[in-house]
Amino acid sequence: MTCGELSDSLCDFVGGELPPERHLCCQQHLDGCPPCVALLEGYRLTVRLGHELPVLPVPAHLVARLRVLLTAQSPPAPEPGAQPTA
Amino acid sequence: MATTEERTPAPPLEEVLQEYAPRVYSLARRMLGNEADAEDVTQEVLLQVVRKLPTFRGEAAFPTWLHRVAVNAALAFRRKRAAREQHRAPEGLLDRQEERRASPGASPAPPERLVLAHERQRLIEEAIASLPEIYRDVYVLADIEQLPNAEIASLLELGVPAVKSRLHRARLMMRDALAPHFEEMTR
């Protein structure tokens, strides 16, 4: 396995989605390639940082506007068996 | 035939504002990279939530539906916006958080750890905003919202291999943008 092939497999490698033999090839390459180990560590850290991002607070002026709008919005009585659509 | 008792009751206004509004706003803000547009999309989506949530008879499908409505609204808004502008610089994402923290009685000087966390988030948000849209969408949905690839593929009308390919590219771009700050981010 080359470094380029390792890079191309990173998404599936960190997601645990590679077939066992392919995963083993990646692991064997990593065992002898410090630059790819560094790439993998940075890749994993990037994924973790994304996962840890908090929900953004809603601006106060938007909350105030929504409160007025949603209060005025009276939900209609739903039809029996009605399903919402996107 | 469903009875009124079987349906999920409409959520109290405060639940909509506190529980759903931040989720929708965050998704729209990160996908659109623009505060004013995110506000318009949030308003549109929450009005749909208030109208349609009473028709749900179980809660399991609601998060999926909410994501779909929010993503569709953001994509539609972007299509309209594309006609009138090419690019906007990212705005101060964290200003609102600063406003919230600046409540009476709050600690005037946040500990160093909070300053570092704030700086880390600012760097990440800027890196996300700098991603090309096709990569940003997948990154936001996969790594921040943590939706399954199949659901992202459905939302964006892509195949799963395309989602994976874009996600990989997005992560590499994020890594390149953040690599100079990795040391401070892992303190």
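Above: the structure in question.
Residues numbered from 1 in each chain as written. Chains lettered and ligands numbered in written order. Predicted model: local features only at pLDDT ≥ 70, side-chain atom pairs only at ≥ 80, totals over all residues. Heavy atoms only, no water.

Caption draft 1: Geometry of the state of the cysteines. All names here are of chain A. The tally for this structure, following the rule as stated, stands at 0 disulfides over all chains. Unpaired in this structure, Cys-25 has its nearest cysteine sulfur neighbour in Cys-26, at a distance of 7.0 Å. According to the relative accessible area criterion, Cys-25 is partly exposed, its value standing at 35%. The thiol sulfur of Cys-33 is not disulfide-bonded, and the nearest other cysteine sulfur, from Cys-36, lies at 3.6 Å. The buried category is assigned to Cys-33, whose relative accessible area is 10%. (Disulfide = S-S within 2.5 Å. Buried < 20%, exposed > 50% of the residue type's maximum accessible area, 1.4 Å probe, protein only.)

Caption draft 2: Structural detail: the nonpolar core. By size, the foremost hydrophobic cluster in this structure holds 75 residues, and its most contacted members are Val-45, Leu-46 and Leu-178 of chain B. For Leu-46 of chain B, the residues in contact, after removing those within four places along its chain, are Leu-66 and Leu-70 of chain A together with Val-16, Tyr-20, Ala-21 and Val-24 of chain B. (Core = buried A, V, L, I, M, F, W, Y, C linked by side-chain atoms within 4.5 Å. Contact = heavy atoms within 4.5 Å.)

Caption draft 3: Local environment of the packing of helix H6 (residues 133-144) of chain B against helix H7 (residues 149-156) of chain B. Residues and elements named next belong to chain B. Running from amino to carboxyl end, H6 crosses H7 at an angle of 140 degrees, the nearest separation of the two axes being 10 Å. The pairing of H6 with H7 is recorded here as oblique in orientation. The interaxial crossing formed by H6 with H7 has right-handed handedness. Side by side, H6 and H7 meet where Asp-137, Val-138, Leu-141 and Ala-142 of the first sit next to Ile-152, Leu-155 and Leu-156 of the second. Partitioning the contact of H6 with H7 into residue classes produces 6 nonpolar, no polar and 1 charged. (Axes fitted to C-alpha atoms, helices over the stretch in contact; angles between N-to-C directions. Helix = DSSP H or I, 4+ residues; strand = E, 2+ residues; numbered from the N terminus. Parallel < 35°, antiparallel > 145°, perpendicular 65-115°, else oblique. Left-handed = near helix turned anticlockwise from the far one by under 90°. Nonpolar A, V, L, I, M, F, W, Y, C, P; charged D, E, K, R; others polar.)

Caption draft 4: Summary view of the packing of aromatic side chains. For the structure on display, the rule yields 0 aromatic pairs over all chains. Above the ring of Tyr-135 of chain B, the side-chain terminus of Arg-169 of chain B is found at 5.7 Å from the ring centroid. (Phe/Tyr/Trp six-rings, centres within 6.5 Å; stacked < 30°, edge-to-face > 60°. Lys NZ or Arg CZ within 6 Å of the ring centre and 35° of its normal.)

Caption draft 5: Summary view of the pattern of salt bridges. Residues and elements named next belong to chain B. A complete count under the given rule lists 12 salt bridges over all chains for this structure. The partner of Arg-78 in a salt bridge is Glu-133, with the nearest N and O atoms 3.5 Å apart. With Arg-78 in helix H3 (residues 62-82) and Glu-133 in helix H6, the pair connects residues that are 55 residues apart, well separated along the chain. For Glu-133, a relative accessible area of 33% translates into the label partly exposed. Here Glu-126 makes a salt bridge to Arg-122, at a shortest N to O gap of 2.7 Å. Placement of both Glu-126 and Arg-122 in helix H5 (residues 112-130) is noted, with a separation of 4 residues, approximately one turn of the helix. (Salt bridge = Lys/Arg side-chain N within 4 Å of Asp/Glu carboxyl O.)

Caption draft 6: Inspection of the side chain of Arg-171 of chain B at higher detail. Position of Arg-171 of chain B among the secondary structure elements: in helix H8 (residues 160-178). In this structure Arg-171 of chain B comes out as buried when scored by relative accessible area, which is 7%. Every residue in contact with Arg-171 of chain B, bar those within four places of it in the chain, is listed here: Cys-11, Val-14, Tyr-43, Thr-46 and Val-47 of chain A together with Tyr-139 and Asp-143 of chain B.

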